[in-house]
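Tertiary structure, described
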Amino acid sequence: HPMKPRTFLDTTTHTSLFSLVTMPERISYFFDGDIGNYYYGQGHPMKPHRVKMTHNLLLNYGLYKHMTVYRPHLCSQTDMARFHSDDYVEFLRRITPDNMHEYSRQLQRFNVGEDCPVFDGLYEFCQISSGGSIGAAVKLNHGQSDIAINWAGGLHHAKKIGGLWILLH
C-alpha cells in the first residue's frame, strides 16, 4: 500500500513552514471485549475497563474503519514460557484470590502483591493481553502492518522470572 502524504503547519513558529509527513495505511488493531471485565482491586490505578472505553471511542468516532480489527488468540502456556520461566507461568495459572495464602513464598519470589495484585481471572487476563501483543508483533515482523495496536498489552512490568507480570511478551 502506498503511503498517503499529509502536511502540517508548524504552529510553534507561527510561520507557513510545512513539513511532509507520511501516514501509514496498514494499521492492525487487537481487541478482546472480555478485557474490560477484569478488576485489579480497590484503589489500584490500573483499570482494564479503560481499554474497553478506548475501544468504544474508536467505534464512535469511526476510527475502526481505518484499521483491520482482530480479536487476539489466547496466549498459550508454551508461548508464555518462551519469555517467562515455567514455574512463574505455572504460578500464574494456579494462583487465585482464594488460594493465595498457600503461595506466600512464591508471592514474594515473584514480587506479586500490592503493585501486581492477584485477582479473579489473572491468568486469562494475561493470556488475552499477551495474545494481542504477540499478534501485533507478528503483523509488524511479517510486514503486514505499519502500526499495530494492543491497548491491553504493556500495561505494567515484565521480567523473565518475576512477578511483574502484566507485560507477558
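Here the structure is a predicted model, which is why all the values come from computation and not from measurement.

Right, let's get into the pairing of strand S3 (residues 27-30). Residues Ile-27 and Tyr-29 point to one face of S3 and Ser-28 and Phe-30 to the other, with burial holding for every one of them. Relative to strand S5 (residues 147-149), S3 runs parallel, the two being bridged by three bridges. Of the residues in S5, the one forming a bridge with Ile-27 is Ile-147. In terms of strand pairing, S3 meets strand S4 (residues 68-70) through three bridges, oriented parallel. Counted as the bridge partner of Tyr-29 is Val-69 from S4. Handedness of the crossover is the feature at issue here: the chain leaves S3, passes through helix H1 (residues 49-60), returns alongside S4, and the resulting connection is right-handed.

Here we take up the nonpolar core. In this structure, Ile-35, Phe-91, Leu-92 and Ile-95 are the most contacted members of the largest nonpolar core, which totals 30 residues. Contributions of two or more residues to this core are made by S3, H1, helix H3 (86-94) and helix H5 (122-141). For this core, the leading source of residues is H5, giving five residues.

Attention now moves to the packing of aromatic side chains. Enumeration over the complete set of coordinates arrives at 11 aromatic pairs. Arranged with centres 5.0 Å apart and planes meeting at 40°, the rings of Phe-91 and Phe-110 form a pair that is tilted. Taken as a pair, Phe-91 in helix H3 and Phe-110 in the loop between helix H4 (104-109) and H5 lie far apart in primary sequence, 19 residues in all. On the basis of relative accessible area, Phe-110 is assigned to the buried category, the value being 1%. An aromatic cluster of at least three residues, connected via ring pairs, comprises Tyr-38, Tyr-40, Phe-119 and Phe-125.

What follows concerns the sheet that holds S5. Taken in spatial order, the three strands line up as S4-S3-S5 in an open sheet, and their pairing is parallel. Bordering the open sheet on either side are S4 and S5, each of which pairs with just one other strand. Neighbouring strand axes in the sheet, compared pairwise and without regard to direction, differ in orientation by 20° on average. Each of S3, S4 and S5 is contacted by H5, which is oriented at about 165° to S3, the strand it contacts most.

Let's shift gears to the pattern of salt bridges. A full pass over the atoms with the stated rule returns seven salt bridges. Here Asp-146 makes a salt bridge to Arg-26, at a shortest N to O gap of 3.0 Å. Highlighted residues: Asp-146 in the loop between H5 and S5 and Arg-26 in the loop between strand S2 (18-23) and S3, separated in sequence by 120 residues. Given the relative accessible area of 24%, Arg-26 is considered partly exposed. Between Arg-82 and Asp-79 there is a salt bridge; the shortest N-O distance is 3.1 Å. Three or more residues are tied together by salt bridges with common partners; here these are Asp-32, Asp-34 and Arg-71.

Nonpolar side chains collect at one region of the surface, where Leu-57, Tyr-61 and Leu-63 lie side by side and expose about 350 Å² of accessible area between them. Examined against the element boundaries, Leu-63 turns out to sit in the loop between H1 and S4. Since its relative accessible area comes to 41%, Leu-63 is described here as partly exposed.

Of all residues in the protein, 77% attain a pLDDT of 70 or more, and the chain-wide mean is 82. Put simply, strand S1 (residues 4-9) is where the protein has its lowest mean pLDDT, 43, and S4 is where it has its highest, 97. In the predicted structure, residues 13-21 sits below a pLDDT of 50 and forms 19 contacts with residues beyond four places in sequence or in another chain. The model gives residues 163-169 a pLDDT under 50, and that stretch makes 46 contacts with residues more than four places away or in other chains.

Quick notes on the rules
- Residues numbered from 1 in each chain as written.
- Predicted model: local features only at pLDDT ≥ 70, side-chain atom pairs only at ≥ 80, totals over all residues.
- Heavy atoms only, no water.
- Buried < 20%, exposed > 50% of the residue type's maximum accessible area, 1.4 Å probe, protein only.
- Helix = DSSP H or I, 4+ residues; strand = E, 2+ residues; numbered from the N terminus.
- Pairing = 2+ DSSP bridges.
- Right-handed = clockwise from strand over helix to strand, strands pointing away.
- Core = buried A, V, L, I, M, F, W, Y, C linked by side-chain atoms within 4.5 Å.
- Phe/Tyr/Trp six-rings, centres within 6.5 Å; stacked < 30°, edge-to-face > 60°.
- Axes fitted to C-alpha atoms, helices over the stretch in contact; angles between N-to-C directions.
- Contact = heavy atoms within 4.5 Å.
- Salt bridge = Lys/Arg side-chain N within 4 Å of Asp/Glu carboxyl O.
- Patch = residues over 30% accessible without salt bridge, like charges linked within 9 Å, V, L, I, M, F, W, Y side chains within 5 Å.
- Areas by Shrake-Rupley, 256 points an atom, 1.4 Å probe, with all protein chains shown as cover.
- pLDDT = per-residue confidence, 0-100.

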